[in-house]
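# Reading the structure
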Amino acid sequence: MAAGLANTAFARRPDLGPVTIVAPSGKVRWSPLWQGNPAIATNPDPATPRIVCGGGVLPYLDADCPRADGRYVYSTTYRARDHRTTIRLTDVDRQQGLDACATHGQFILVEPYPADRKNQNRQWPRASWESCLMLLRSRLITRARAARVGCAPGTPLTPPIALLQCAHADWTPMAPCVSVSTPTFLRACGVMASATLVLALEGGLQFAAAALGGPAVILWGGCINSEVLGYPEQVNIVDPSPETPCGSVKPCDHCNDAWARLTPELVVDEVIAELDRLAAPRQRTEVVT
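What counts and what doesn't
- Along each chain, residue indices are assigned from 1 in the same order as the chain's sequence is written.
- Where totals are concerned, whole chains, interfaces and linings use all residues; where local detail is concerned, this predicted model gives features only for residues with pLDDT of at least 70, and gives and counts side-chain atom pairs only at 80 or more.
- To obtain the side-chain values, all non-hydrogen atoms of the structure were included, while hydrogens and water were left out.
- Only buried Ala, Val, Leu, Ile, Met, Phe, Trp, Tyr and Cys residues count toward a nonpolar core, and they belong to the same one when joined by side-chain atoms within 4.5 Å.
- Each residue is placed in one exposure class: buried if its accessible area under a 1.4 Å probe, protein chains only, is under 20% of its type's maximum, exposed if it is over 50%, and partly exposed if it falls in between.
- Put simply, DSSP H or I for four residues or longer makes a helix, DSSP E for two residues or longer makes a strand, and each gets a number counted from the N terminus.
- Using only the protein atoms, space was sampled on a 1 Å grid; points where a 1.4 Å probe fits but cannot get out form cavities, open sets with protein on both sides within 12 Å along at least five of seven lines form pockets, and lining residues are those with an atom within 4 Å of a point.
- Grid points are joined across faces, edges and corners, and a volume is the space filled by probe spheres set on the points.
- Asp, Glu, Lys and Arg are counted as charged, while Ala, Val, Leu, Ile, Met, Phe, Trp, Tyr, Cys and Pro are counted as nonpolar; the rest, among them Gly, fall into the polar class.
- Strand pairing is defined by DSSP finding a minimum of two bridges between the two strands.
- Salt-bridge detection follows one rule: a side-chain nitrogen of Lys or Arg within 4 Å of a carboxyl oxygen of Asp or Glu.

Turning our attention to the nonpolar core. Core analysis: the biggest nonpolar cluster contains 49 residues, and Tyr-60, Tyr-78, Phe-107, Leu-109, Leu-164, Met-192 and Leu-229 have the highest contact counts within it. Of all the secondary-structure elements, those providing two or more residues to this core are helix H1 (2–12), strand S3 (107–111), strand S4 (162–167), helix H4 (185–192), strand S6 (197–201), helix H5 (204–212), strand S7 (216–219) and helix H6 (226–229). In terms of residue count, H4 provides more of this core than any other element does, five residues in total. Counting residues in each nonpolar core, the second largest holds 28 residues, with Leu-163, Met-174, Val-217 and Leu-266 among its members.

Below, the structure written as structure tokens:
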């Protein structure tokens, strides 16, 4: 997000040079995700243009957030799609994805956990995830079998697409996924770069998928604003309630109901449809549950 703002500023005024990203305290921020980005200064001096981002100052939120009622108010002007971030992978990062392909063939990268695991409103229940993934696995097997019908003798068989899940410091295995070690976020991005599709909640991998240009199916629930933080090229499954997005950081009946409306069958249908669309990409649309 900060990198996206830096990219926009640098594109508008390249003559001013790269941008320094600072916290509200004025302390210079740095992330390995920004390595190699010409828009972000690596050795800033006082004359370098600065962008304040982080530490409670986030461009997609109203300045006075959260409110006393525990809700975030989203910006009426900021759109993530207008401030694209950039991720430059090393050969080591990319090799993680190439190794996954060599081992598993085609695969869907699944991320069932949001970065903000303290906010239950951003989490699809584990039982729903597991039902979804088991159904998806079954549908992928059926799809692979159907592709073999009528094939000439000796035609190589198309295996089902594998389901992979990143194993990182804050994860729990989710059946029937196969784990792939990703000790850093960049390694996870390296795996993503080789994925056929990403299936994830809104959040880090969603932004990374947009940066890397890979197809993705993204689940939004009822808390976070997909209009502000979503990307139109991704398949965004968005709750239709007029209360969405509620922005609540407290336990929320509306968010529970929103996740309940998101059925495993709906998600699997969209994943299969997106796999079928990949042969002829077109403008993505939001899906209303």
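Having seen the model, we can carry on.
The next point concerns the layout of surface pockets. As a volume, the second largest pocket reaches approximately 160 Å³. Around the second largest pocket, the lining is made up of 13 residues, and of these Gln-120, Gln-123, Trp-124, Pro-125 and Arg-126 lie nearest the centre. Elements with a minimum of two residues in the lining of the second largest pocket: helix H3 (126–148) and helix H7 (253–261). Residues belonging to the lining of the second largest pocket are distributed by class as follows: eight nonpolar, four polar and one charged.

In this model, Ala-175 is joined to Pro-176 through a cis peptide bond whose omega is 5°. Mapped onto the elements of the fold, Pro-176 is located in the loop between S4 and strand S5 (178–181). At the junction of Thr-244 and Pro-245, the peptide bond is cis and its omega measures out at 0° in the coordinates.

Within the secondary structure, Gln-96 sits in helix H2 (residues 91–104). Among the residues examined, Gln-96 registers a relative accessible area of 16% and is labelled buried.

Consecutive side chains of a regular strand alternate in pointing toward one face of the sheet and then the other. Here strand S8 (residues 235–238) shows a buried face lined by Val-235 and Ile-237 and a second buried face lined by Asn-236 and Val-238. Two strands pair when backbone bridges link them, and S7 and S8 are joined in this way by three bridges, in the parallel orientation. Bridging across to S8, Leu-219 finds its partner in Ile-237.

Take the pattern of salt bridges next. Tallied over the entire structure, the rule returns 14 salt bridges. The partner of Asp-69 in a salt bridge is Arg-67, with the nearest N and O atoms 2.7 Å apart. Overall, Asp-69 belongs to the partly exposed group, its relative accessible area being 36%. Here Arg-277 makes a salt bridge to Glu-270, at a shortest N to O gap of 3.8 Å.

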